[in-house]
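Fold and contact review
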Amino acid sequence: MTDPDEGPGLRVIGGAGGTRARIETLTAAAARAERAAEHLDAAAAHARRAVALVEESAPWSPVTAANVRSAAAPLLSGWGGLGARADDARVVAVGLRGAAEVYSQADRDATAALRAGFIALGHRIGEAGPIAVLVVGGLLVRGAVTAGAAVLAARSLRYTPAPIGLLLRVLGSERMRESDGPAGYFGRLLGGPGLLPEGLGPPPGDVVEVVLPVVAATTIGLLPGRMPLGRDPVDQAARLLRGGAAAATVLFGTPLPGLVVAPLVAAERSRGSSREPEPPRDVADVLRQVDALGDSGAPGVVGVQRLDHDDGSRSWVVTIPGMQSGDLLDAPAPTDMATNLELMDGWSDDMSEAVVQAMLQSGVGAEEPVLLAGYSQGGMAAMRVAARTSDMFAVSAVVTAGSPVGGMPLADGIQALHLEHTHDYVPALDGMPSPDAANRTTVIRDLAASPPADGSGPASSLLARLVDPIRRSHALPEYIRTAEQVAVLRDRSVQSYAEAVASVLGDGTAEVTEQRYVAVRVPE
Amino acid sequence: MAAGLTGAERSSGAVVDRIADARRELLAGGQVDWTGPAAAAYAAMLRDTLGRMTGLRHAAEGARSAVHRHIVAVDAVRAP
């Protein structure tokens, strides 16, 4: 459910204000309290030693020795002295560790166990053969149809002058619809005008995130021979598919193992653009630059901006487009489906390689902060580059829009913002939930909470209600609008990320030098 | 000054230093961005502990002065 403090239809997961960061902070505070207890214990030992040494010389000056005894008494008191305060600090530490454990329990919810169970079940069904898959699939479809028919029948019976009609009207009343839990769910299913429930629409992306690994596991189980299930069935299926596509390229196409990355200087000048590019001020500006890569007139174009700041420092913004062709076999432009599969299964891919080459050709220095931004497939490439070039570049921040990056690793020192939309299925294609890490903030926007970015009116027909959210959800203009909304959020995770971005973009007065590079696969 | 009394002076100084170290650790641990009833209880407990430690620090400084005065007195009596 959307938190009203987070913004219109926005939900924030992870980051500096996320559960994982909170657990880490609490654990660190507990460790400090334990160290404080150790210091106090040591102080008590020193106090005892000082008094004991003074006692040895007490016969020489009994009055001053008594004064020492008296002055040290509060320190050595059993109920209010140093030992008691050390115990207090230990109690504080235990309380903090307990709170961290409560958050950890909430974090380790049943979802992960259920996911693993469904994946194993899907694999078993697949291994049982096509007939078992058809039977289970048929049962699921039949169950869904029966449930849908039952809802329609119940909504039709609501206005009958009979006890059942009265009961259904009560169950679908406004009061029930507004309540939480199962009662509210049934209220929303039965209440409201018309024959169809108001909230009827396509399933959200997190449903796809759960279903996809099960489908992948079933498909792997269906393959001839006994294929053991890997740790991540979606990655495994992507690897198998990419292997098949590579074999098909050899048989039916032209293998293009080489990659050429060249500057697009001539193309830029021929467009007659004499205007200096504006320095990007925030994430929305950076995503607008990703969108502008489409104006280059060629697929596989990567943008590199050099920002020279007033204080003499230099930083870089690298923009990476999304998938531009659905080709599975080798094609000249690396922004294709084959690259998607390689990015998902962890193989080396041409688009990440193209980005690295573009950065090297631009002269990005090892100490100069870099912001990597990518849309859809470009977000995956940005994450891959950030993870693999820690010894070459100083990547400070990554922004991804509509990218399936939940399972992709990222070093602790790099801040990432992942923008997703509730009904965008692309970020769910890796079958992994959004990571809750201190350096990774995911903002999920429900597009139903605001009108479309293209200004079109609300959908009226059932088909439009089903298709419209999906159509809008993966559009880059909608992600730019999401970034605009995120920029004004007063959320700790978002603000922490914004600080990392500001360390690259500066105050918006930098001198900008822009260069685009085109990547093309070639025969070796 | 006798060796034992040198140790007493050093130990009485260490008490003050260690209390300061403990206070610093607790203050740093108090910078937790955490809300809710448990956080309020933690903040109250921390405030109380730090308040009591302020009293202990004053006591430790008093004890250090008392040890110093004792050493001066003993030296004066023992002096030929």
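**Let's talk about the overall build of chain B**
- Scanning chain B from N- to C-terminus turns up 2 helices and 0 strands.
- For chain B, the residues scored as buried account for 34% of the 80 residues in total.

**Considering the packing of helix α10 (residues 233-252) of chain A against helix α13 (residues 337-345) of chain A**
All names here are of chain A.
- Taken N-terminus to C-terminus, the directions of α10 and α13 make an angle of 140°; their axes are 8 Å apart at the nearest point. The angle between α10 and α13 falls in the class oblique. Handedness of the crossing formed by α10 with α13: left-handed. When α10 is examined against α13, the residues Val-234, Asp-235, Ala-238, Arg-239, Leu-241, Arg-242 and Ala-245 are found in contact with a partner set consisting of Ala-338, Leu-341, Glu-342, Met-344 and Asp-345.
- Split by residue class, the contact of α10 with α13 holds 7 nonpolar, no polar and 5 charged.

**What to know about the pairing of strand β5 (residues 369-375) of chain A**
Residue and element names in this part refer to chain A.
- The buried fraction of β5 is high, at 7 of 7 residues.
- Of the two faces of β5, the one carrying Pro-369, Leu-371, Ala-373 and Tyr-375 and the one carrying Val-370, Leu-372 and Gly-374 are both buried.
- Of the strand pairs in this sheet, strand β4 (residues 314-320) and β5 are connected by 5 bridges, and their pairing is parallel. When the sheet's bridge partners are listed, Thr-319 is paired in β5 with Ala-373.
- As judged from the 7 bridges shared by β5 and strand β6 (residues 394-401), these two strands associate in the parallel manner. What sits directly across from Val-370, in β6, is Val-395.
- Regarding topology, helix α15 (residues 377-388) serves as the crossover connection from β5 to the parallel β6, and that connection is right-handed.

**Here we look at the sheet that holds β5 of chain A**
Residue and element names in this part refer to chain A.
- Across the sheet, which stays open at both edges, the 9 strands sit in the order β1-β8-β7-β6-β5-β4-β3-β9-β2 with mixed pairing between neighbours. Looking along the sheet, the strands with just one partner apiece sit at the ends: β1 (10-14) and β2 (258-263). Averaged over all pairs of adjacent strands, the angle between their axes in this sheet comes to 20°, without regard to strand direction.
- Relative to the sheet, helix α12 (residues 283-292) contacts β3 (301-308), β4, β5, β6 and β7 (415-421), its axis offset from that of β5 by approximately 60°.
- The strands that helix α17 (residues 476-487) touches are β1, β5, β6, β7 and β8 (440-445); relative to β7, the one it contacts most, it runs at about 125°.

**Brief notes about the nonpolar core**
- Counting residues in each nonpolar core, the largest one holds 82 residues, and the members touching the most others are Leu-287, Val-318, Val-355 and Ala-373 of chain A.
- When residues of this core are assigned to their parent elements, the largest contribution, 7 residues, is made by helix α18 (residues 492-505) of chain A.
- Both domains that furnish three or more residues to this core are identified here as domain 2 (114-221) and domain 3 (258-522) of chain A.
- In contact with Ala-373 of chain A, other than residues within four places in its own chain, are Val-286, Leu-287, Val-290, Val-317, Val-318, Thr-319, Ile-320, Ala-382 and Val-399 of chain A.
- Of all hydrophobic cores here, the second largest spans 44 residues; its members include Ala-37, Leu-53 and Leu-82 of chain A together with Val-15 of chain B.

**Notes on unusual backbone geometry**
- Notably, Ser-376 of chain A is not glycine yet its phi reads approximately 55°, a positive angle.
- Along the chain, the position of Ser-376 of chain A falls in the loop between β5 and α15.

The rules behind these values
- Throughout this document, residue positions are counted from 1 along each chain, in the order its sequence is written.
- The order in which chains are written sets their letters, starting at A; the order in which ligands are written sets their numbers, starting at 1.
- Thresholds applied to this predicted model are a pLDDT of at least 70 for local features of residues and 80 or more for the giving and counting of side-chain atom pairs; totals over whole chains, interfaces and linings are not thresholded and use all residues.
- Note on conventions: DSSP H or I runs of at least 4 residues are helices, E runs of at least 2 residues are strands, and numbering of each starts at the N terminus.
- Using C-beta atoms placed from the backbone, we call a residue buried if 20 or more other C-beta atoms fall within 10 Å of its own, exposed if 12 or fewer do, and partly exposed for counts in between.
- Lines fitted to the C-alpha atoms define the axes, with helices restricted to the stretch that makes contact. Angles between their N-to-C directions range from 0 to 180 degrees.
- Convention used here: angles under 35 degrees read as roughly parallel, angles over 145 as roughly antiparallel, angles from 65 to 115 as roughly perpendicular, and any remaining angle as oblique.
- In a left-handed crossing the near helix is turned counterclockwise from the far helix by less than a right angle, and in a right-handed crossing that turn is clockwise.
- Distance between backbone-placed C-beta atoms decides contact: two residues are in contact if it is within 7 Å.
- Put simply, Ala, Val, Leu, Ile, Met, Phe, Trp, Tyr, Cys and Pro go in the nonpolar bin, Asp, Glu, Lys and Arg in the charged bin, and everything else, Gly too, in the polar bin.
- One requirement defines pairing of two strands: DSSP has to find at least two bridges between them.
- Orienting the strands away from the viewer, one traces the path from the first strand over the helix to the second; a clockwise path indicates a right-handed crossover.
- Structurally, a nonpolar core is described as a collection of buried Ala, Val, Leu, Ile, Met, Phe, Trp, Tyr and Cys residues joined by way of C-beta atoms within 7 Å.
- Where each domain begins and ends follows an automated or database-derived domain assignment.

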